[in-house]
Amino acid sequence: MHEAKTIQSQNMTAQTQSFLPQNLSKIWIQLQQILGSIKLAVPLLASIIGVLIWATFYESQVGSPTVQQVVYKSPWFGALMFLLALNLSVSALSRYPWRGPRKVGFALTHFGLVVLIAGSAAVIHISTEGMLLIRTDQGANSLVRVEGELLDVVGPDQAEKQVNLFIKPDNTVSPSEVGGLKLLRYAPNTVTTTRFEPGGPVANAAVKLQLQSDRMGQTLERWLAIAPAGYSDVSVGPATLELRQANTDTELEALLAQPQPQLGGRFGSLQLGENPAIDVEGSLDKIIDLANGLQLRIDNFWPDFRLDSENRPESASDQLNNPAMQLSLRLGRGEAAQQERWFIFANGQFDPIRTSVAGAALDRDALGLSEVSYDVQPPAPEDYFRVVMGPEGERFYAANSSKGFKSGPLEAGEAVTPGWADFRISVAEAIADAQVQREVVEVPEDENLEGEPALLVAMPDGSEQWLPWGDPVALSNTSGDYYAAFSPRMLQLPFGIKLEDFIVERNEGSESVAMWTSQIRLDDPHQGVRESRRVWMNHPTWYQGWKIAQASWNPGDLNQSTLQVKLEPWWVTGLTWLGSLMVVVGTAVIFYGRSAMKNLKAVLPEPGQEESSDAEPPEMGLAARL
Amino acid sequence: MKILKFALGFILGLLILILPLSQFQPNLLEPLQSMAVQLDGRKKPLDTVALETVEKLHGSASYKQADGSKLSYLETYLAIAFNDRDWNTEPFVLLSYRPLKEAAGFDPEQKHFSFREIIGSPALTAIVKDAHAKQLAEQELSRLEREALTIEERVALLYRTVGDNSLPLVPHPSDGKGTWVTINQATELYSPEDAAPVMALQQQIEQTYRLGPAHRDIVGKLAADLKQTLASFSPAVYPSDQVLQREVFFNGFHPFGKAWMIYGLGFLVMLVSLWFKPTELYWGAMGLFCSGMAVQAYGFLLRMQIADRPPVTNMYESVIWVSFGVTAIALLFEFFSNKARYFLLAAAPLAVVCLVLADRLPVVLDPSIAPLVPVLRDNFWLSIHVPTITLGYAAFALAMGLGHVSLGHYLFAKPDQNPAVKKRIQTLSQFNYRTLQVGVLLLTTGIILGGIWAHFSWGRFWGWDPKETWALIALLCYLVPLHGRLVGWIGNFGINVASVVSFNAVLMAWYGVNFVLGTGLHSYGFGTGDSQMIVATVVAADLGFVLLTALRHVRPGLNSEASETISSEPSAAPVTAEPKSA
């Protein structure tokens, strides 16, 4: 049977290639036979299976982006796919002319697969896509975050180089050199450490405190400084170390005074219009009468609000990091009752999130609820050790602990026992004109330290330096200065998108999310377009060839939405759809075309004998043979 | 005549539905069963709440008490809710993971433990605590810890359910999607005058129930009153009786549980028809299978009506759908064949295994109807992609069944010495080939429909997501032997082996991607895998069987394979058919 085919194709090719020298045409025919043969197809498919199985297991270890880069987008995988497409094309071509259902089906399926492979490759390689973060409280955004990182280098000759980086699984970077800088290594997690050195331009006190405990066999050292911000308060376990500058004697006195016990609850107070302030901790689950006949109940309080995996509110910790409460407000009773549920957050001071539970919405202005503020003062540390610099540069301390309060002058080398276990605190170093020195340090990823990525580069003179993510850095080098920025890749859209509203629908009676929808506005000043659209899961919208789809959202901030923005040329989509249709129809025709034709002929009166002379060998179709 | 025999089988199958006869006794608690509850994002009858709660806590739909008597899920639920005994000491909570039992110091042979035992185990408490700490730190949990958290959920559910007055039974006055409240909170939505009788009724029901089984009729009457009053609060919001009773009927009818019994019976009748006066029983068996399919189809219809969504959205539904597909494809082939029998003989055990797994493992394959996650909602392409691709799996499952029957013949029936056996193998291989064709067509279509869905949902037709990739691998695993047969590299034996071995790729695509690889975009709602080891063992045993057959088959000398290849070549005509080079 195969012999027959070979002879036929030989004849055909020999005719068309007759102008070629004998040897060349022989090679050509042989090549064609090999390329279109099933003996190539089977091992090729088998090796594709092997590669794909390996790739999926590899993916579960190293993650999708790496496998996409190393396997699916790699040149060798592309070559494999190209070989498959070639094999499919040649085998389908060699069966020309395509007469009868079997051959038509064969050609449709195999060419369809070629079209499909081309289309899918185009989808992966040609289209542009990225994520666009938009907010209701901000204007239109047109800057899309595209996967990957970008390195911008301006060398001593002022020439600017900009390249896309790909980070390999072993943290080496491709390409390895940009604009004279060697890219040595990528670190996924780095922190910037700080130390202080004398010689700053302005007076800035800094002290290095040493904490020693014999019982715990522990010695800690911590730098404190007035500036930069964030170094004046450092927490060590349950206690806080502080450094304060007193400019007058009164200030000094206040800073060294014994702390007064705090009044009120831990969860802060809620102020609704003119109503008296409500202590949140003391009012939980109590019904409180407000002005204008309103009743309020604080149903729930979360010190560190977040939504769990099922989008139910929960507290991430007991720390007051993101205090939030849920309260019910009710006006009237029975059928006419108006009831609402509000979520109020202390951070950010945005408006309460309101849900109507019953009746019409409450009129906030009329009910004196237009002003809502919820403040939580972080509790004053109960255990602290405070170093105070007096107006004349002298040094004092104030220490508070469960064992009591003490204060006094703090001399160099003198140890104070503040009353936390057996800790002794002394000043190890003191600088009056401190300046900060930052250093990027790589930390292991599994530690709880949350750092940022960084890129280690070497300059032509051999010196190495880290480029932190997102911060442009000046690098000094013997042959001149370099400026480099290691930053996320961004793409400018030709139009802007503004988030008008973000709507979260929940399943009835529960906090689980049924659907989230972004109500967006497209702003295109070039075309004079300004129109509102809605985008939700599985329902994207299109504008000027760009597809805009709902990607993700932030359960903790309902003013924000992330859209996927993608430009896919129309012919790419067309290829995939055309290929799909060809493959499905073709497969059906191969398997069932002949028996369907036969059944059709049996039903219809035969028009003449010519058609049956063209008949195929008997098909053992589904209906015909079983 | 054959129509008569067919009808006889069909009616016999439907007769199984009315067993046990006890289901036709007047149900005194009906009004309580069909009381509407708003829970987990939808309104459902109390009967469903009872079923889901008992299955979740106990791992089965009934409870065998210490004295050996059995309580139905409704009786069990009411006993817990009305707190009719000391539920602290009742060994009721399912704990089946052996390493956890050992870690907790429990008897590893025991399956159910009491609330007090579980709460009182310091080791178990410590594991749960560690698991929570890890969750907060967003670290990966070990199997032991995941199981411990499941137990914690069960204990918490039992605690909530005992003496339960916290079911949201009172409808929202106006909003169809508004939050319902419990009877004790009824005054939040309604005036005290309206709420008072409802509260009183609730107490009366509870007190009367505790008086014992003799007073069930009064409980029923009070419940009917309560339900009517609640419905009258908000007639537009309260689900209609028809809707509620449909779901209660679905729970009691238990269509997927009955379908496997009918298939099992059909299998036996078909098997007997092989030896005893074949024609007498064949159409009866066909009738039985058709009645089983009718029951299953009706079950799907009811479930679609209740859930208001396409039929296949989670692992449980896909397992049932595959069993349906296997039987449907086999029946179609049978109708077009001349009493082939082997299609149904191969399909029935597969359908029964799928349905029994789905029916008896509610903890692994969760049958409850929960609202869909957003990505699965509201999409035409999805609602045809999943059923199509799983039908493809079903066709390959059937081919795998047929492959086993063939290989069984190779192993036990000595085809070299017996021409009749050889002929039968020839026929079986032909059947197998036909089934593989259906599978290839359906899987190809399913993969492509998936691409179209992905185009809308994720913005790309193809992205090498693991689930996509594995569906493609599965397809290629069938295409390679089918093409290999064209060149004559493999014959009938090879096709039969391929239909068995390649099914492992389907298993991987269907089940393994979610449980073994655990990555990718398709990882929603498939629950924890309790079953990797079992599946791995079954797969290994099956491959062992194939290997054994292959050894037996090859040993007589290579010429037997070669001669078979040649002799089978004409049968492969439709595939290799080139025009006879006219």
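Residues numbered from 1 in each chain as written. Chains lettered and ligands numbered in written order. Predicted model: local features only at pLDDT ≥ 70, side-chain atom pairs only at ≥ 80, totals over all residues.

### Description of the overall build of chain B
Counted only if it meets this: A run of H or I in DSSP becomes a helix once it reaches four residues, and a run of E becomes a strand once it reaches two; helices and strands are each numbered from the N terminus. Each radius of gyration reported is based on C-alpha atoms, and the globular scaling rule is 2.2 Å times the count of residues to the power 0.38. Here exposure depends only on C-beta density: within 10 Å of a residue's C-beta, 20 or more other C-beta atoms make it buried, 12 or fewer make it exposed, and intermediate numbers make it partly exposed, the C-beta atoms being placed from the backbone. Placing C-beta atoms from the backbone, we regard two residues as in contact once those atoms come within 7 Å.
A count of helices and strands for chain B gives 23 helices and six strands. In terms of overall dimensions, chain B is globule-like: its C-alpha atoms have a radius of gyration of 27 Å, near the 25 Å expected for 582 residues. C-alpha extents for chain B along the principal axes are approximately 95 × 65 × 50 Å. Put simply, chain B has 582 residues, and 46% of those count as buried. The contacts of chain B with a sequence gap of at least 6 include a subset with a gap of at least 24, amounting to 70%.

### Re the overall build of chain A
When its secondary structure is counted, chain A shows 11 helices and 34 strands. Scored against the burial criterion, the 626 residues of chain A give a buried share of 26%.

### Considerations on the sheet that holds strand β14 (residues 294-302) of chain A
All names here are of chain A. Formally: Strands are treated as partners if at least two bridges between them are detected by DSSP. Simply put, an axis is a line fit to the C-alpha atoms, just over the touching stretch for a helix, and the angle between two N-to-C directions goes from 0 to 180 degrees.
With antiparallel pairing, the five strands of this open sheet are ordered in space as β13-β14-β17-β18-β19. Looking at the sheet topology across the chains shown, the edges are occupied by β13 (287-289) and β19 (353-358). Here the average twist between neighbouring strands, direction ignored, is 25°. With eight bridges connecting them, β14 and strand β17 (residues 324-331) associate as antiparallel partners. For Gln-295, the partnering residue across the bridge sits in β17 and is Arg-330.

### Side note on the domain arrangement of chain A
Going by this rule: Note: domain ranges come from an automatic or database domain assignment.
Examined at the domain level, chain A breaks down into domain 1 (2-126 + 572-600), domain 2 (129-143 + 492-569), domain 3 (144-194 + 453-490), domain 4 (200-259 + 381-433) and domain 5 (269-375). The distance between the C-alpha centroids of domain 1 of chain A and domain 2 of chain A comes to 40 Å.

### Description of the confidence of the model for chain A
Residues and elements named next belong to chain A. Note the threshold: Per-residue confidence from the predictor is given as pLDDT, running between 0 and 100.
Confidence in the prediction for chain A averages 81 pLDDT; 90% of positions are at 70 or higher. Of all helices and strands in chain A, the one with the weakest mean pLDDT is helix α11 (residues 622-625) (35), whereas helix α5 (residues 75-93) scores best (92). Across residues 1-17, confidence stays below pLDDT 50; counting only partners more than four residues off in sequence or on other chains, it has 14 contacts. The low-confidence segment residues 608-626 (pLDDT under 50) makes 31 contacts with residues lying over four places distant or belonging to another chain.

### Thoughts on the domain arrangement of chain B
Residues and elements named next belong to chain B. The test is simple: The residue classification treats Ala, Val, Leu, Ile, Met, Phe, Trp, Tyr, Cys and Pro as nonpolar and Asp, Glu, Lys and Arg as charged. All others, Gly included, are polar.
Each assigned domain of chain B is listed with its residue range as follows: domain 1 (1-33 + 254-297 + 312-359), domain 2 (34-239) and domain 3 (372-582). Each partner contributes residues to the interface: domain 1 has 20 residues there, and domain 3 has 21 residues. For the side of domain 1 that touches domain 3, the secondary-structure elements that each account for two or more residues are α14 (315-336) and α15 (342-360). The element contributing the most residues to the side of domain 1 that touches domain 3 is α14, with nine residues. Of the residues in the side of domain 1 that touches domain 3, the class split is 16 nonpolar, four polar and no charged.

### Thoughts on the confidence of the model for chain B
Residue and element names in this part refer to chain B. Across chain B, pLDDT averages 84, with 90% of residues at or above 70. In this model residues 519-529 is a low-confidence stretch, pLDDT under 50, and it forms 24 contacts with partners more than four residues away in sequence or in other chains. Counting interchain partners and residues more than four positions distant, the pLDDT-below-50 stretch residues 557-582 has 32 contacts. Interface confidence for the predicted complex, expressed as ipTM, amounts to 0.83; the pTM equals 0.72.

### Concerning the nonpolar core
A general trend in soluble globular proteins is that nonpolar side chains are found buried together. All names here are of chain B. Note the cut-off: A set of buried Ala, Val, Leu, Ile, Met, Phe, Trp, Tyr and Cys residues, joined through C-beta atoms within 7 Å, is what we mean by a nonpolar core.
Val-326, Ala-347, Ala-351, Ala-397, Leu-398, Ala-474 and Ala-509 are the most contacted members of the largest nonpolar core, which totals 132 residues. Sequence-distant contacts of Val-326, that is, excluding residues within four places in its chain, are made with Ala-347, Leu-350, Ala-351, Ala-394, Ala-397 and Leu-398. In this structure, Val-49, Tyr-77, Val-93 and Leu-189 belong to the second largest nonpolar core, which totals 55 residues.

### A few points about the environment of Ser60(B)
The topology assignment puts Ser60(B) in the loop between α3 (46-58) and β3 (62-64). In this structure the C-alpha to C-alpha distance between Ser60(B) and Lys422(B), which are 362 residues apart in sequence, comes to 46 Å.

### Some thoughts on the interface of chain A and chain B
Taken residue by residue, the interface counts 59 residues in chain A and 63 residues in chain B. Top element by residues in the side of chain A that touches chain B is helix α3 (residues 38-62) of chain A. It accounts for 13 residues. In terms of residue class, the side of chain A that touches chain B is made up of 32 nonpolar, 16 polar and 11 charged.

### A closer look at the packing of helix α9 (residues 192-210) of chain B against helix α10 (residues 216-233) of chain B
Residues and elements named next belong to chain B. Going by this rule: Throughout this description, any angle smaller than 35 degrees is read as roughly parallel, any larger than 145 degrees as roughly antiparallel, any in the 65 to 115 degree range as roughly perpendicular, and the remainder as oblique. Handedness of each helix crossing follows the sense of rotation of the near helix against the far helix: counterclockwise by less than a right angle gives left-handed, clockwise gives right-handed.
Relative orientation of the contacting elements α9 and α10 amounts to 155°, with a least axis distance of 9 Å. When the axis of α9 is compared with that of α10, the two are roughly antiparallel. Like other packed secondary-structure pairs, α9 and α10 cross with a definite hand, here left-handed. Note on element contacts: α10 touches α9 through Ile-218, Val-219, Leu-222, Ala-223, Asp-225, Leu-226, Thr-229, Leu-230 and Phe-233, opposite Asp-194, Pro-197, Val-198, Leu-201, Gln-202, Gln-204, Ile-205, Thr-208 and Tyr-209. Taken together, the residues that form the contact of α9 with α10 break down as 12 nonpolar, four polar and two charged.

### Structural notes on the sheet that holds strand β20 (residues 372-375) of chain A
If you walk across this open sheet you meet the three strands as β12-β11-β20 (chain A), and the pairing is antiparallel. A strand with exactly one partner marks an edge of an open sheet, and here the two such strands are β12 (278-279) and β20 of chain A.

### A word on the environment of Ser502(B)
Residue and element names in this part refer to chain B. Turning to its location among the elements, Ser-502 is positioned in the loop between α19 (492-501) and α20 (503-517). Sequence separation of Ser-502 and Leu-479 is 23 residues, and the distance between their C-alpha atoms is 9.9 Å. With sequence-adjacent residues up to four places away left out, Ser-502 is seen in contact with Cys-477, Tyr-478 and Pro-481.

### Notes on the environment of Leu80(A)
Position of Leu80(A) among the secondary structure elements: in helix α5. In the structure, Leu80(A) is positioned 35 residues away from Leu45(A) in sequence and 9.6 Å away in space, judged by C-alpha atoms.

### So, unusual backbone geometry
Backbone torsion omega between Tyr96(A) and Pro97(A) reads 0°, so that peptide bond is classified as cis. Looking at where Pro97(A) falls in the secondary structure, it is placed in the loop between α5 and α6 (100-125). Note that the residue after Ser174(A), namely Pro175(A), is joined by a cis bond; omega there is -5°. Of note, Pro175(A) is situated in the loop between β4 (173-174) and β5 (177-178). Residue Asn83(B) is not a glycine yet carries a positive backbone phi of 50°. Its location among the elements puts Asn83(B) in the loop between α4 (73-81) and β5 (93-94). Under the C-beta neighbour-count criterion, Asn83(B) is labelled partly exposed, with 14 such atoms within 10 Å. Even without being glycine, His254(B) reaches a positive phi, approximately 55°. Tracing the sequence through the fold places His254(B) in the loop between α11 (241-253) and α12 (255-275).

### Observations concerning the packing of α3(A) against helix α18 (residues 466-487) of chain B
Geometry of a packed helix pair, given as the angle between the helix axes and the separation of the axes. Where α3(A) meets α18(B), the axes come as close as 9 Å, and the angle between the chain directions of the two elements is 155°. As judged from the angle between their axes, α3(A) and α18(B) are roughly antiparallel. When the axes of α3(A) and α18(B) are compared, the crossing they make is left-handed. Across the contact of α3(A) with α18(B), the residue classes tally to 19 nonpolar, four polar and two charged.

### Considering the pairing of strand β21 (residues 384-389) of chain A
Along any regular strand, the residues point their side chains to alternate faces of the sheet. Residue and element names in this part refer to chain A. With six of its six residues buried, β21 lies for the most part within the structure. Neither face of β21 is exposed, since Tyr-384, Arg-386 and Val-388 on one face and Phe-385, Val-387 and Met-389 on the opposite face are all buried. Strand direction decides the pairing type here: strand β10 (residues 239-245) and β21, joined by six bridges, are parallel. By the bridge assignment, Thr-240 is partnered in β21 with Tyr-384. Between β21 and strand β22 (residues 395-401), which follow one another and run antiparallel, lie five residues, and Gly-393 among them has a positive phi close to 90°.

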